[in-house]
Amino acid sequence: MANESRTDLVIAAVCAAVLVAANALLFAVGTLPVRQDGIPDWPQTLVVIAGVVMTAAIFSFLYKDNPFFRAAENLFVGLGLGVTLTVEWYNFLKPDVYDVLIAPAFDPAVSVQRSDLILLIPVGLGLMALLRVSRSYGWVSRYPMAFLVGYSAGFSIQPAIHSNILKHVQATVVATPMHWGAWVAVGLAALLLAATAYFASRGGWPALVLKTVSLSLAGCYVLVRAAPWLPGVPVLAQAFKGLDAIILMLGVFSVLCYFIFSLEHKGALGAVSRLGIVFLMVSFGASFGYTVMARESLLIDRFQFLLGDWLHLL
Amino acid sequence: MQVRWTDPRLVFPLVAAAIVFALLFPVRQPIKPQQAVVQVYDYIERLPKGSAVMLAVDYDPQAKAELVPMTTAVLRHCLRKDLRVIGMTFWPQGTALGQSIFTAVAQEPQFRHKKAGSDYVYLGYKPGDMAQVITNMGENLPNTFRQDYQNRPTTAMPIFQDVKSLKDVDYLLDLAAGNTPETWVQFGGDKYSVPMAVGCTAVMGPDMYVRLTARQINGLIAGLRGAADYEVLLDRPELGVAGMFAQSIIHVMIIVLVVVGNVAFLATRRRRAREGERHG
């Protein structure tokens, strides 16, 4: 344990020394401070160095949890809160409350407008909400909360149902103009998928054949959608025209079936539910893939900062 | 402390090395813009000169990596097309960031003739219930934001002479890192029928595609890849395109590591099974 602590201390000391040495070197060669018209831009230099130190402190968590990481994390939260409070004060509290209701008390030249007295209602509700921190009078905060919840629900429920449910139901069941032959093909494909889901758990050669055919079909569809520039794909894309809507509908139906918990998932319901699981997995996979991409973007941004703004290598 | 070859911490320096390599020795990849991004570009391209476009800069510095390149590219496109741009935000921590983007783009040589208050304006942050604020904007836009970010009164601004409310806005683009697109769609798009698109972080991408399919938005720019697509369409590659090679390298690395990890897992399991058989 003592050895581990010593190792950690040595690693921290080495990292700090490298940071100091790197900044000293950059200063010596003239990269830092950033110069504008020959005048040292000290604030900008400090911003860059602070950014580098904070980045290093946050990245240190990859090694293990440590005081540098916690300090940077707390500083980040504190700064965020400070910025929010400042913005709220200058954008809302000062112009709409302080300047209108309170400042006139200190300035005889300005008087409170009669129409502005209505502001006392929201101010009073806001002050009541702050009583949440009191043990004795915490109950008072329930009144503004009840007002807020009631108002928000009344204001938003109708648009929410319209935008989040009806519009999506409409988009799901929208009529898809397709040739009758395509409809038959889609029906056969749906039957094939359902049969695959049904026989997959039973094993044997029918399951193997059905899995192979279904996977080939799914692979073909994915290829057409993912690589439309490949030779020959436009012809297939034409054949798959309109299939997206059918797949969407099939997905919605099978996923809804999966979430029917009042019936045992056996037989036809079991088969369709298994298909629903496939759709859910595809959806989770897409979300996960996008999340990984987002995190990569943040990492790339940090390295662009370190290599560009700090080291001037880009 | 032991470091084994399967230690996950070995992945971190590998990824770091890959990104450094990709950024120092970039290879220009062919980038084919996605259809959803092309739709946003085409819509802005078709807007008549002088149309009003609202950019909601609904993010904070945490999403800077993905959304600043996107916002910059869209803003450049609008100014290049001589559209009037109205910027605002519902995120208090993103207020200054939005202003810095507007200032930086407006100071570029080709846009120096653009005037704040006439060709573009950044209104800043408006607190309160978002749905209510949008509804207020639908009734009277300059009254909702009586001053812009730099405390100039909006009622006297030429840009608001014929843009009295949100209903007069020709295109709305919410650049978001949170749940603001949902409310924008409900109240801006569906209630006031303002044509709109969304630019968002990659994490939000899959959720936003649902809105695209339901035709609640007419285009989508998702993540750094979306920003890169827009830069390509604009023929001005910058941060978005610069990050694409690094992202591709990491993708390849992740695939290789997943394969190696699974092979190692299977090999370990087989070895343990054999040892189990041997010991009875």
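Because the structure is a prediction, the values reported are computed rather than measured.

Residue and element names in this part refer to chain A. Relative to the 39 Å expected for 27 residues at 1.5 Å per residue, helix α1 (residues 2-28) spans 38 Å between its end C-alpha atoms, a close match to the ideal helical length. In terms of burial, α1 is a largely surface element, 0 of the 27 residues being buried. Backbone geometry just downstream of α1 places Gly 30 in the positive-phi region, at approximately 95 degrees.

Parsing chain B into structural domains produces domain 1 (8-25 + 245-278) and domain 2 (35-236). Relative to domain 2 of chain B, the C-alpha centre of domain 1 of chain B lies at a distance of 41 Å.

A separate point is the packing of helix α5 (residues 142-172) of chain A against helix α7 (residues 180-191) of chain B. Geometry of a packed helix pair, given as the angle between the helix axes and the separation of the axes. Where α5(A) contacts α7(B), the axes come no closer than 9 Å and their chain directions differ by 85 degrees. Taken together, α5(A) and α7(B) sit at an angle that is classed as roughly perpendicular. Where α5(A) abuts α7(B), its residues A:Pro159, A:Ala160, A:His162 and A:Ser163 lie against B:Val185, B:Gln186, B:Phe187, B:Asp190 and B:Lys191. Its residues assigned to classes, the contact of α5(A) with α7(B) shows 4 nonpolar, 3 polar and 2 charged.

In this section: the sheet that holds strand β4 (residues 171-176) of chain B. Residue and element names in this part refer to chain B. Judged by pairing direction, the sheet is parallel, and its 6 strands sit side by side in the order β3-β2-β1-β4-β5-β6 without closing on themselves. Looking at strand neighbours, the two that pair on one side only are β3 (120-125) and β6 (220-222), the edges of this open sheet. Put simply, the sheet's adjacent strands are angled 15 degrees from each other on average, direction ignored. Where strand β5 (residues 196-200) and β6 come together, 3 bridges link them in parallel fashion. By the bridge assignment for β6, Val 198 is matched with Leu 220. Along the sheet face, helix α2 (residues 35-46) touches β4, β5 and β6 and points at about 130 degrees away from the line of β6. Strand contacts of helix α4 (residues 95-106): β1 (52-58), β2 (84-89) and β3, with the helix running at about 165 degrees to β3, the strand carrying the most contacts.

In terms of backbone geometry, most residues other than glycine have negative phi values and most peptide bonds are trans. For A:His312, which is not glycine, the phi dihedral falls at a positive 55 degrees. The residue A:His312 is located in the segment after α10 (267-310) in this model. Residue classification places A:His312 among the exposed residues on the basis of 12 C-beta atoms within 10 Å. Located in the positive-phi region is B:Asn151, a residue other than glycine, with phi close to 65 degrees. The residue B:Asn151 is located in the loop between α6 (141-144) and β4 in this model. What makes B:Asn151 exposed here is the crowd of 10 C-beta atoms within 10 Å.

One finds B:Val53, B:Leu55, B:Leu75, B:Val85, B:Leu173 and B:Leu175 to be the most contacted residues of the largest nonpolar core, which totals 91 residues. Residue contacts for B:Val85: discarding those within four places in its chain leaves B:Val53, B:Leu55, B:Leu75, B:Cys78, B:Leu79 and B:Tyr120. A:Leu193, A:Ala197, A:Val272 and A:Leu275 belong to the second largest nonpolar core, which has 5 residues in total.

With 42 residues of chain B at the interface, the matching set in chain A holds 38 residues. Elements represented by at least two residues in the side of chain B that touches chain A include exactly α1 (11-24), α3 (64-80), β3, α5 (130-139), α7, α8 (205-213), α9 (223-233) and α10 (239-278) of chain B. Taken together, the residues of the side of chain B that touches chain A break down into 22 nonpolar, 12 polar and 8 charged.

Attention shifts here to the pairing of β2(B). Residues and elements named next belong to chain B. Summarising burial for β2: 6 of the 6 residues are buried, a large majority. By the alternation rule, side chains of β2 split into Arg 84, Ile 86 and Met 88 and Val 85, Gly 87 and Thr 89, which are all buried. Across 5 bridges, β1 lies against β2 in parallel orientation. Pairing of Met 54 across the sheet is with Ile 86, part of β2. Handedness of the crossover joining β1 and β2 through α3: right-handed. Relative to β3, β2 runs parallel, the two sharing 4 bridges. Opposite Thr 89, over in β3, you have Tyr 125 as the bridge partner. With respect to chirality, the unit in which β2 leads through α4 into the neighbouring parallel β3 is right-handed.

Parameters and conventions
- Residues numbered from 1 in each chain as written.
- Chains lettered and ligands numbered in written order.
- Predicted model: local features only at pLDDT ≥ 70, side-chain atom pairs only at ≥ 80, totals over all residues.
- Helix = DSSP H or I, 4+ residues; strand = E, 2+ residues; numbered from the N terminus.
- Expected span 1.5 Å × (residues − 1).
- Buried ≥ 20, exposed ≤ 12 C-beta atoms within 10 Å, placed from the backbone.
- Domains from an automatic or database assignment.
- Axes fitted to C-alpha atoms, helices over the stretch in contact; angles between N-to-C directions.
- Parallel < 35°, antiparallel > 145°, perpendicular 65-115°, else oblique.
- Contact = placed C-beta atoms within 7 Å.
- Nonpolar A, V, L, I, M, F, W, Y, C, P; charged D, E, K, R; others polar.
- Pairing = 2+ DSSP bridges.
- Core = buried A, V, L, I, M, F, W, Y, C linked by C-beta atoms within 7 Å.
- Right-handed = clockwise from strand over helix to strand, strands pointing away.

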